[in-house]
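# Structure at a glance
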Amino acid sequence: MTKFHVCAAADLPSGEAKRIESEPAVSVFHVGGEYFALADLCTHGDASMADGYIEDDCTVECPLHAARFCLRTGKALSQPAYIDLATYPVSIEDGEIYVTVE
Ligand code: FES
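Heads up: these notes are all about the structure in this document. Fair warning: this is a prediction, and the values are worked out from it, not measured in the lab. (Residues numbered from 1 in each chain as written. Predicted model: local features only at pLDDT ≥ 70, side-chain atom pairs only at ≥ 80, totals over all residues. Heavy atoms only, no water.)

### Details of the environment of Tyr 53
Looking at the element boundaries, Tyr 53 is found in strand β5 (residues 53-55). Residues Tyr 53 and Arg 68 lie 15 residues apart in sequence; the distance between their C-alpha atoms is 9.1 Å. Discounting residues that sit within four places of it in the chain, Tyr 53 has contacts with Thr 59, Val 60, Glu 61 and Pro 63. (Helix = DSSP H or I, 4+ residues; strand = E, 2+ residues; numbered from the N terminus. Contact = heavy atoms within 4.5 Å.)

Structure follows, in structure tokens:
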């Protein structure tokens, strides 16, 4: 398990995401004060979920073929993806965002 510094919480506004070059790469999302971390690579193809469209219902839509995933659980909610994204724990410490990747 490795803990990665993402950025200052103030530098990730609600509705935005940031990709972390961990192995595997992870995307960290901010929606209304909640932070979520998912595997960055879509389970359907070669697309970065950090480039996806974040919705207020805590879902993200893949930028390539529009599959939707739950930010809370990583669950694939619509085709063409049917494999869930891995999720990772996020912590906020002294105003800084961290993600722990296994
Ligand atoms: Fe994400 Fe196809 S690459 S839905």
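### Details of the sheet that holds strand β2 (residues 16-20)
Spatial strand order, β2-β3-β4-β8: four strands in an open sheet with antiparallel pairing. Each edge of the open sheet is held by one strand with a lone partner, namely β2 and β8 (87-88). Of the strand pairs in this sheet, β2 and strand β3 (residues 26-31) are connected by five bridges, and their pairing is antiparallel. Paired with Arg 19 across the two strands is Ser 27, which belongs to β3. (Pairing = 2+ DSSP bridges.)

### Description of the sheet that holds β5
Strands pair in a sheet through their backbones, by hydrogen bonds, and they do so in one of two ways: parallel or antiparallel. In spatial order, the strands read β5-β6-β7; together these three strands make up an open sheet with antiparallel pairing. Pairing within the sheet leaves two strands with one partner each, and these edge strands are β5 and β7 (68-70). Averaged over all adjacent pairs, the angle separating strand axes in this sheet is 25°, with direction ignored. Looking at chain direction, strand β6 (residues 59-61) and β7 are connected through three bridges and run antiparallel. Opposite Glu 61, over in β7, you have Arg 68 as the bridge partner. (Axes fitted to C-alpha atoms, helices over the stretch in contact; angles between N-to-C directions.)

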